[in-house]
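Residue-level structure breakdown
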Amino acid sequence: LAQVPLFHKAPARALEIVSEAVQPRTFDADTVLFREGDRGEVLYILHKGTVKLFKIDLEGHEKTLAILKPPEFFGEMALLGEGGRSATAVCLRETHVYLLFKDDFERLLREYPSISLNVANTLSQRLRGMGDEAQVLSYKDAQGRVAYVILRLYWGGHIDFGETGHALLRLTHQELASLAGTSRETVTRALKALEEEGVISTRPKEVLIKDPDGLEEILHGVR
Ligand code: CMP
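If you're wondering where the values come from, they're calculated on a predicted model, not measured in any experiment. (Residues numbered from 1 in each chain as written. Predicted model: local features only at pLDDT ≥ 70, side-chain atom pairs only at ≥ 80, totals over all residues. Heavy atoms only, no water.)

Moving on, we get to unusual backbone geometry. At the junction of P70 and P71, the peptide bond is cis and its omega measures out at 5° in the coordinates. Note on placement: P71 falls in the loop between β5 (62–68) and β6 (73–74). The phi torsion at K9 lies on the positive side, around 60°, for a residue other than glycine. Within the secondary structure, K9 is located in the segment before α1 (12–21). Residue K9 is classed as exposed on the basis of its relative accessible area, which comes to 71%. (Helix = DSSP H or I, 4+ residues; strand = E, 2+ residues; numbered from the N terminus. Buried < 20%, exposed > 50% of the residue type's maximum accessible area, 1.4 Å probe, protein only.)

Turning our eyes to something else, we now look at the pairing of strand β4 (residues 51–56). Where β4 meets β5, 6 bridges bridge the pair, whose relative direction is antiparallel. For K52, the partnering residue across the bridge sits in β5 and is I67. What sits between β4 and β5 in their antiparallel hairpin is a turn of 5 residues, with G60 showing a positive phi close to 90°. Note: β4 against strand β7 (residues 88–91), 4 bridges, orientation antiparallel. Bridge pairing links V51 to C91 in β7. (Pairing = 2+ DSSP bridges.)

On to the site of the ligand, then. Taken together, 14 residues lie near the ligand, and G75, E76, A78, R85 and S86 sit nearest. One of the backbone N or O atoms of M77 is found 3.3 Å from an oxygen atom in the ligand. Separating an oxygen atom of the ligand from a side-chain N or O atom of R126 is a distance of 3.2 Å. Computed on the free molecule, the ligand has an accessible area of 460 Å², of which 94% lies beneath the protein chains in the complex. Of all the secondary structure elements, the ones that give two or more residues to the shell around the ligand are β5 and α3 (113–139). (Near = heavy atom within 4 Å. Polar contact = N/O pair within 3.5 Å; in protein donor to acceptor, adjacent residues only side chain to side chain. Areas by Shrake-Rupley, 256 points an atom, 1.4 Å probe, with all protein chains shown as cover.)

Looking now at the pattern of salt bridges. Counted under the stated rule, the structure contains 15 salt bridges. E36 is the partner of K55 in a salt bridge, and the nearest nitrogen-oxygen pair spans 3.2 Å. With K55 in strand β4 and E36 in the loop between β2 (32–34) and β3 (42–48), this pair connects stretches of sequence that are 19 residues apart. Owing to a relative accessible area of 34%, E36 belongs among the partly exposed residues under this scheme. (Salt bridge = Lys/Arg side-chain N within 4 Å of Asp/Glu carboxyl O.)

On to the packing of aromatic side chains. To describe a pair of aromatic rings, you give the distance between the ring centres and the angle between the ring planes. For the structure shown, the criterion picks out 3 aromatic pairs. Aromatic side chains F34 and Y44 sit 5.6 Å apart centroid to centroid with 50° between the ring planes, which places their arrangement in the tilted category. With F34 in strand β2 and Y44 in strand β3, this pair connects stretches of sequence that are 10 residues apart. Classification of Y44 as buried rests on a relative accessible area of 7%. With centroids separated by 6.2 Å and ring planes inclined at 45°, the aromatic side chains of F34 and F74 adopt a geometry described as tilted. (Phe/Tyr/Trp six-rings, centres within 6.5 Å; stacked < 30°, edge-to-face > 60°.)

So, about the nonpolar core. Counting residues in hydrophobic clusters, the biggest one holds 29 residues, and the most contacted among them are I150, L176, L191, L194, I200 and L215. Top element by residues in this core is helix α4 (residues 142–155). It accounts for 7 residues. Those residues in contact with L194 that lie beyond four places of it in its chain are Q143, V146, A147, I150, V199, I200, L215 and I218. If you look at the next biggest cluster of nonpolar residues, it comprises 20 residues, including I17, V22, L100 and L109. (Core = buried A, V, L, I, M, F, W, Y, C linked by side-chain atoms within 4.5 Å. Contact = heavy atoms within 4.5 Å.)

Take it as geometry only, folks, not as evidence of what the structure does.
Right, dumping it as structure tokens:
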């Protein structure tokens with residue numbers, strides 16, 4: 001629990017309270033934890049697994065907001081202020097979480113300023129990320145947008161290392177499209193163009209990142 005950004009620099013006593021209050025749960029892959037608009041009563045602390053947060057736009061397209069892995073937490077927004085869940089959460093693989101209920105969360109926020117500060121820091125980081133993303137997704141061409149989502153996953157540590165030692169993203173074109181806010185066909189074309197630039201190579205459900213600096217140059221339009 002001490003690794004979770006929510007409890008960064010929190011006193012030992014706060015961690016004791018948390019470990020007594022939380023309830024462990026395990027969910028299978030594809031379990032929907034909650035849907036956008038639901039009333040929120042609980043915060044989720046990721047212990048193992050991967051969770052995708054997404055929204056459905058007016059045309060019915062899914063837009064992925066984030067893919068989270070331990071030691072991150074989510075589901076705090078509906079517990080703060082008015083409004084229900086701001087997005088739908090689905091487990092991408094078997095996922096272990098600790099549930100922290102609203103009353104306990106509120107008590108921790110009131111009694112431990114370091115925890116309140118951590119929540120504010122996380123919200124600020126997410127807001128900054130969304131601002132950057134909005135800029136990229138509204139001004140960049142398909143290649144730049146796809147370069148951006150690949151780099152974001154790479155920076156976020158959502159990678160494995162293949163036999164060649166290159167960073168490997170295990171995602172379908174549809175999943176990349178949902179992150180880039182575009183269609184699968186557009187992603188396929190953009191990946192091909194990036195492959196021709198020599199910065200990535202692709203295999204079914206895999207993108208091998210050969211040159212992250214080159215991707216960044218493409219993103220910033222200096223290549
Ligand atoms: P809540 O609104 O309760 O439920 C959905 C959760 O998704 C939300 O709390 C946040 O924890 C998380 N979330 C929403 N938007 C983002 C984002 N842009 N980046 C990361 N996490 C998010």
